[in-house]
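A closer look at the structure
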Amino acid sequence: MFSDFPAAFQDWANTNPSDLFQAPILKKESNPKAHICRHLSQEARGCSHLVLWLDCDREGENICFEVIECTGFHTSDGRRIYRARFSSVTEKDILKAMNSLVDPNRDEALAVDARQEIDLKVGVAFTRFQTSYFNGKYGNLDARVISYGPCQTPTLGFCVDRYLQITMFKPEKFWMLHPYIMYKGYELKLEWERGRLFDADVAAMFRNRLMEDGTMRVVRVSEKLESKGRPSGLNTVNLLKVASSALGFGPQLTMQLAERLYTQGFISYPRTESTAYPSSFDFRGTLVALVHNPVFGGYAQKLLTESYNKPRAGTDAGDHPPITPMRSAIEDSLGNDAWKLYQYICQHFLGTLSPDCRYRRIKVEFESGGEQFQCIGQLVTVKGFTSIMPWLAISEKNLPDFAEGEKIEISKVDLDEGNTSPPDYLNESELISLMEKHGIGTDASISVHINNICERNYVQVQAGRRLVPTPLGISLIRGYQCIDSDLCLPDIRSFIEHQITLVAKGQADHSMVVQHVLDQFRRKFSYFVKQIENMDALFEAQFSPLSDSGRLLSKCGKCLRYMKYISTQPSRLYCGTCEEVYYVPQKGTVKLYKELTCPLDNFELLLCSMPGPEGKSFPLCPYCYNCPPFEGIDTFFGAPKTGDSSKLGKGVGMPCFLCPHPTCPHSVIAQGVCACPECSGTLVLDPVSAPKWRLCCNMCNCLVSLPEGAHRISTTQDKCPECESTIIEVDFNKKTTPLKDGATLHKGCILCDELLHSLVEMKHGRSFSRHGRSGRGRGKGRGGYRGRGRGNNKQQDPKMSFRDF
């Protein structure tokens, strides 16, 4: 289920964003086609007990009450409701949970409801206002929606903060002293205890002292046994970090791969905050499952034979055990990317059961010219878990045996010069760490927030999975900072989470907390609206006004001056003289259509070609597209399949193939041929599809190929006496004409004319017959224009089948 506004608040044009803070909200099924609510209701019939086995976190508790609502269970009618608390799905944990059932926790469920309502109302209010204010105002502002979110925006803020650190960084020169010694066949570079100096003269002075002394005296030799601990269990956040930094997978792709591996039974549930294994976890059984794996089998068998170690203590969040392999797999069965992720999960799990890595650390300290130097050697004694996780291995460095007090000649002294450098752009792994530290998002939503700021063109992912803010992302954060910095700081999320935690603990009333937080944001929103000019000033400095953008494309029918076509989203035409904006379809390419004009408003027509080899092409008038001149047109091009399409949004409108003008040569009346067999639309001649001529439905993706290679195909004003379809005229190629005696010109109906019907072919659609069976009756065109074609009982052609005429 998800939260949303009622239909009355869905219309951007008729709803003031500030009204959304008091608007009611509804819970809707996330996937209505799955009919989950109906299924649960049917399954619950006749049952007297309901036991809820959902994730043991707040979100799982919230789903418990959604299930209760769907099943219609109420304790008042005598039926019992129980909640099972468990952290893993082993037999021991399941039996324990079943023997200690509890009541579902309504406070935790209400805390999730509170978060959803706050995020929805705050995010949508700011997003609608920003989008309406900025969209269409600047020519190179490449964003369809300028969104805000209490989690998304602080996430972007981290990236922009790092960008500002880089741009404001001023490098400084520094110098480092590096003496070299030759001893027992080893050339050693010694490290200076001072590190680096920012004064060249002082650094040169120390170098001269060293050169004058000429020898290094061994002050101390110390040796220490150290160990590098094996990893604890793998949770979602750590998986996302490793996948980004080591495998090159973005968080969104990582979760998609992990969920696929989980549904196929190769790994455990991939959304978990826990790094501690439950006491009942069957480590031996998991190792046995990997014994026959061609890659990890030998190592798993070794752990079983030599007795594996218990994993390090981690954090038990009480939701799910760490991510572990469940059964063996090979690369060929998973595919390259999924195998890489599965391989790491296996290696990490085996590493948690391996011994710690142990090594000797030898430190030799020197003195020369009054300055202290050192070198460090490392020698691994037990590889431990690094045998299966070699990227974490200790770098070994051998040193010769030194004796304290001995003097060694200095072979050379380097005075290295360098510059301080700025930090690099945040990579995804670093960003995830910051989000985890500041409580931005959950294990389930972190990947979503990062993906959102990428998809909305606020940041771009560059080499090394580095997140580089775009001009739009930088302008947004700087705009928030100059109006109200709270809007982009992680503190704002901490404030929300603190209030929600009070609800979860039963220490605060759900409705009062929601109202309190929304009151705070409503005041911030009101101030933000009043100060929006401050953000707009940043946008003006960064983005070009419409008058300076785009290329000349089409003449305005009002002033007869050329308009400019701006291809960045949302695509549009701008008339600088009239200061009018005309949106065009947001997909496909747009160009001038033979300098033809619309007979209604004198605007030059455009030709829009949709992408792909099967994409349709159609003419449109910029003015008619945005301001349809006819009533009764119930479906517009580009409108969503659901919802009210009578109110046009950006890029939604009426092309010529939906126009019912009776005399315009480009309208559906003139170019329509017959009713579509797949929907209530009309098949219209594609005006520029030569030499592969075709008909395209003006509502669905149905395509019909006409005789290929013809010089010209056009519609006529004549109608077929049998089916009322428009008669078309075909001018065949001389070399390939199917007509007798080399004739090339032929008129006929594609449904009733034997020759034409044998040359047409359905490209998309279910069936295509010359004369369909009775059923739907005539197809209906736009604006009351009825599609041509009528059912009769003539024999069907098996090649094509226009049915239901």
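Procedures and definitions
- Counting of residues starts from 1 at the beginning of each chain's written sequence and follows it residue by residue.
- Since the coordinates come from a predicted model, pLDDT governs what is reported: local features require at least 70, and pairs of side-chain atoms require 80 or more to be given and counted, while whole-chain, interface and lining totals use all residues.
- Derived side-chain values reflect all non-hydrogen atoms in the structure, with water molecules and hydrogen atoms excluded from consideration.
- UniProt positions are given in the numbering used here, feature names are shortened, and annotations may be inferred rather than shown by experiment.
- Think of a 1 Å grid over the protein atoms and nothing else: a 1.4 Å probe that fits but is trapped marks a cavity, an open set flanked by protein within 12 Å on at least five of seven lines marks a pocket, and residues with an atom within 4 Å of a point count as lining.
- Grid points are joined across faces, edges and corners, and a volume is the space filled by probe spheres set on the points.
- Under the scheme applied here, ten amino acids are nonpolar (Ala, Val, Leu, Ile, Met, Phe, Trp, Tyr, Cys and Pro), four are charged (Asp, Glu, Lys and Arg), and all others, including Gly, are polar.
- Accessible area is worked out with a 1.4 Å probe on protein chains only. A residue is then buried under 20% of its type maximum, exposed over 50%, and partly exposed in between.
- Numbering of helices and strands starts at the N terminus; helices are DSSP runs of H or I of at least 4 residues and strands are runs of E of at least 2.
- Any two strands between which DSSP finds at least two bridges are classified as paired.
- By this rule the span expected of a helix is its residue count minus one, scaled by 1.5 Å.
- In this description, contact between two residues means that some pair of their heavy atoms is separated by no more than 4.5 Å.
- With axes taken as lines fitted to C-alpha atoms, and helix axes fitted only over the stretch in contact, angles between N-to-C directions fall between 0 and 180 degrees.
- Looking at any residue, its pLDDT shows the predictor's confidence there, from 0 to 100.
- Angle categories are assigned with fixed cut-offs, so that under 35 degrees is roughly parallel, over 145 is roughly antiparallel, 65 to 115 is roughly perpendicular, and the rest are oblique.
- Left-handed describes a crossing in which the near helix is turned anticlockwise from the far one by less than a right angle; the clockwise case is right-handed.
- Buried Ala, Val, Leu, Ile, Met, Phe, Trp, Tyr and Cys residues form a nonpolar core when they are joined through side-chain atoms within 4.5 Å.

You'll find the protein chain entered in an unreviewed UniProt entry as DNA topoisomerase, with Nicotiana sylvestris given as the organism. We quote the UniProt Catalytic activity (unreviewed entry) comment for the protein chain here in full: "ATP-independent breakage of single-stranded DNA, followed by passage and rejoining." Of the comments in the UniProt record for the protein chain, the one headed Sequence similarities (unreviewed entry) reads "Belongs to the type IA topoisomerase family."

1. Thoughts on empty space enclosed by the protein
A water-sized probe, rolled over the atoms, reveals where empty space remains. Tallied over the entire structure, the rule returns one cavity of 30 Å³ or more. Quantified by volume, the largest cavity comes out at close to 70 Å³. Lining the largest cavity are Cys-598, Pro-599, Leu-600, Leu-620, Cys-621, Cys-624, Met-654, Pro-655, Cys-656, Cys-659 and Cys-664. Taken together, the residues of the lining of the largest cavity sort by class into eleven nonpolar, no polar and no charged.

2. Structural notes on the pairing of strand 23 (residues 694–697)
Burial along strand 23 is two-sided: the face carrying Arg-694 and Cys-696 and the face carrying Leu-695 and Cys-697 are both buried. The pairing of strand 22 (residues 682–685) with strand 23 spans three bridges and is antiparallel. The partner of Val-684 across the bridge, within strand 23, is Cys-696. Taken together, the three bridges between strand 23 and strand 24 (residues 703–705) define a ladder with antiparallel strand orientation. Bridge pairing in strand 24 places Cys-696 opposite Leu-703. Two successive antiparallel strands, strand 23 and strand 24, enclose a turn made up of five residues.

3. A closer look at helix 5 (residues 152–167)
Taking 1.5 Å per residue as the helical rise, helix 5 with its 16 residues ought to reach 22 Å, and the 23 Å between its terminal C-alpha atoms agrees with that figure. Within helix 5, twelve of the 16 residues are buried, which leaves it mostly tucked inside the rest of the structure. Within the span of helix 5, buried status applies to Gln-152, Thr-153, Pro-154, Thr-155, Leu-156, Gly-157, Phe-158, Cys-159, Val-160, Arg-162, Leu-164 and Ile-166. Elements that come into contact with the buried residues of helix 5 comprise helix 13 (428–438), helix 14 (446–455), strand 12 (459–462), strand 13 (466–469), helix 15 (471–484) and helix 16 (491–504).

4. Digging into the sheet that holds strand 26 (residues 726–731)
Strand pairing within a sheet occurs via backbone hydrogen bonds; the two strands may be parallel or antiparallel. Taking strand neighbours across the sheet as the criterion, the three strands line up as 25-26-27 in an open arrangement whose pairing is antiparallel. Each of the sheet's edge strands pairs with one partner strand only, and the pair in question is strand 25 (712–719) and strand 27 (745–748). Strand-to-strand twist of the sheet, defined as the mean angle between neighbouring strand axes without regard to direction, takes the value 20°.

5. Concerning the confidence of the model for the protein chain
Should pLDDT be low for a region, the predicted coordinates there are not to be read in detail. Overall, the prediction assigns the protein chain a mean pLDDT of 86, with 92% of residues at 70 or greater. Across residues 770–805, confidence stays below pLDDT 50; counting only partners more than four residues off in sequence or on other chains, it has 123 contacts.

6. Description of the sheet that holds strand 16 (residues 572–575)
With antiparallel pairing, four strands are arranged side by side in an open sheet as 14-15-16-17. The outermost strands of the open sheet, each flanked by one partner alone, are strand 14 (551–555) and strand 17 (580–583). Going across the sheet, the axis of each strand differs from the next one's by a mean of 35°, ignoring polarity.

7. Considerations on the packing of helix 7 (residues 236–247) against helix 8 (residues 251–263)
Their axes nearest at 9 Å, the elements helix 7 and helix 8 cross at an angle of 120°. It follows from the interaxial angle that helix 7 and helix 8 lie oblique. The element helix 7 and its partner helix 8 pack so that their crossing is right-handed. Each of Thr-236, Leu-239, Leu-240 and Ala-243 in helix 7 lies in contact with helix 8, whose residues at this interface are Pro-251, Thr-254, Met-255 and Ala-258. Split into classes, the residues belonging to the contact of helix 7 with helix 8 amount to six nonpolar, two polar and no charged.

8. Details of the nonpolar core
The nonpolar side chains of a soluble globular protein tend to be buried with one another. Judged by nonpolar contacts, the single largest core of 61 residues is most densely connected at Tyr-480, Phe-521, Phe-528, Met-535 and Phe-539. Per-element tally for this core: the top contributor is helix 4 (residues 106–134), with nine residues. Core analysis: the next-biggest nonpolar cluster, separate from the first, contains 39 residues, Phe-296, Leu-334, Leu-341 and Ile-394 among them.

9. Details of the environment of Pro-665
With respect to the element layout, Pro-665 can be found in the loop between helix 19 (622–626) and helix 20 (668–671). Along the backbone, Pro-665 and Phe-618 are 47 residues apart, and their C-alpha atoms lie at a distance of 13 Å. Those residues in contact with Pro-665 that lie beyond four places of it in its chain are Ala-670 and Gln-671.

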